[in-house]
Amino acid sequence: MSVSVLSLTRPLGSVSGLLQVASLLGLALLLLKAAQLYLHRQWLLKAVQHFPSPPSHWLFGDIQEFQDGQELQNLQKRAEKYPCASPRWLWGSKVTLEVYDPDYMKVILGRSDPKRRDSSRFLAPWIGYGLLLLNGQRWFQHRRMLTPAFHYDILKPYMRLMADSVHVMLDKWEDLIRQNSYLEIFEHVSLMTLDTIMKCAFSYQGSQQADRISQSYIQAIEDLSNLFFSRVRNAFHQNDIIYKLTPEGRWNHRACQLAHQHTDGVIKLKKAQLQEEGELEKVRSKRHLDFLDI
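Keep in mind that this is a model prediction, so the values were computed, not measured. (Residues numbered from 1 in each chain as written. Predicted model: local features only at pLDDT ≥ 70, side-chain atom pairs only at ≥ 80, totals over all residues. Heavy atoms only, no water.)

Most of strand 1 (residues 85-91) is tucked away: seven of the seven residues are buried. Both strand 1 and strand 2 (residues 94-99) contribute to a ladder of six bridges, which runs antiparallel. Its bridge partner being in strand 2, Trp91 is matched across the sheet by Lys94. Between strand 1 and strand 2, which pair antiparallel and follow one another directly, the connecting turn spans two residues. (Buried < 20%, exposed > 50% of the residue type's maximum accessible area, 1.4 Å probe, protein only. Helix = DSSP H or I, 4+ residues; strand = E, 2+ residues; numbered from the N terminus. Pairing = 2+ DSSP bridges.)

Structure, rendered in C-alpha cells:
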C-alpha cells in the first residue's frame, strides 16, 4: 500500500513544481514587459519635454478628449493655449505630436526621414502598399512610374471635367436649399471628389454623384476612416489577430471588401473597354496617358 501511495505523490509533486516554474517565468516576463513600458514612457517624456501640454493620465492619456464629443473644440483650445505644437497622449506608452504652426510644419515636411509603420500599417488592408505606405527603393519605383500621369499638360484639359463635377454638386445643393433641407457636406464633397477622380484618372463616363452604388462606396470609405482613427486610439486593438476578433475588426473587414469590389469593378470595366475594336489604338495614340492607362 505504501508503494502505491509513493508512486502517486511523485507525479503530483513534479506537476506542482512545473506550475511553480511556469508561474515564476510568467511573473518575470510580466515584470520585464512592465519595465520596458516604463523605460519607453520615460524616453517619450524626454522626447516631448520641450513642447507644453495639459496634464494627462499616466495610463489612459488624453482619452477623455476623444470621448466627450468635443474633440474639435478641445483641439482648438489646445492650439490657442499651446501655440506651434503640443503632444497628445493616446495612452501611457503612445504619444502623437500635433503640429499646427506652418513654420514647424515646413521643417518637418522638408525632411526625408523614413515613414513610421506603427499606425499606418492599419491602412494596408484597405489601400494596400502603394505610394502612401511604401518606403525606399520601391517607393521611388512607383513614383517614377506614375510621374507622367501628373504632368501639367495632362492635368490642364481636366479642368472642365472637374468643373462639371462641381456644378453637379452645387445643383444638388440648390435643390436641397429650395426644400429647406439641412445640408451635411461630407457625403456630397466625397461623391464630387470620387466623380472627378473617376473621370480624370480612369476615363469613366457618367456621374458617380447619381449612382447609389457609389454612395454605398462613399459610406464604406467613411466607415474605414472612422474605424482607422478609433483603432489608433485603442490600446487593445493594436494586435491584428485580436482586432479581427472584435466587432470593429469584422466591420472593418466588410467595409474593405465593399471598397475593393468598387475599385475592382472599375478596373474590369476598363479592361473590357480595351478589348473593343480600335479602343487600344486610341489609347496608344494619346500624347499623354491617363493614370489607369499607365
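Here we come to the packing of helix 8 (residues 159-178) against helix 9 (residues 185-202). Each packed pair of helices is defined by two parameters, the angle between the axes and the distance between the axes. Where helix 8 meets helix 9, the closest approach of the two axes is 9 Å, and the angle between their N-to-C directions is 155 degrees. Overall, the two elements helix 8 and helix 9 adopt an arrangement that is roughly antiparallel. Pair helix 8 / helix 9 crosses with right-handed handedness. From helix 8, Leu161, Met162, Asp164, Ser165, Val166, Met169, Lys172, Trp173 and Leu176 reach across to helix 9, where they touch Ile185, His188, Val189, Leu191, Met192, Asp195, Thr196, Lys199 and Cys200. Classifying every residue of the contact of helix 8 with helix 9 gives eleven nonpolar, three polar and four charged. (Axes fitted to C-alpha atoms, helices over the stretch in contact; angles between N-to-C directions. Parallel < 35°, antiparallel > 145°, perpendicular 65-115°, else oblique. Left-handed = near helix turned anticlockwise from the far one by under 90°. Contact = heavy atoms within 4.5 Å. Nonpolar A, V, L, I, M, F, W, Y, C, P; charged D, E, K, R; others polar.)

Below, the discussion takes up a nonpolar patch on the surface. Taken together, Leu27, Leu30 and Leu31 make up a surface patch of nonpolar side chains, about 320 Å² in accessible area. The residue Leu31 is located in helix 1 (residues 2-47) in this model. (Patch = residues over 30% accessible without salt bridge, like charges linked within 9 Å, V, L, I, M, F, W, Y side chains within 5 Å. Areas by Shrake-Rupley, 256 points an atom, 1.4 Å probe, with all protein chains shown as cover. Salt bridge = Lys/Arg side-chain N within 4 Å of Asp/Glu carboxyl O.)

Attention now moves to unusual backbone geometry. Notably, Cys84 is not glycine yet its phi reads approximately 80 degrees, a positive angle. When you line up the elements, Cys84 lands in the loop between helix 3 (71-81) and strand 1.

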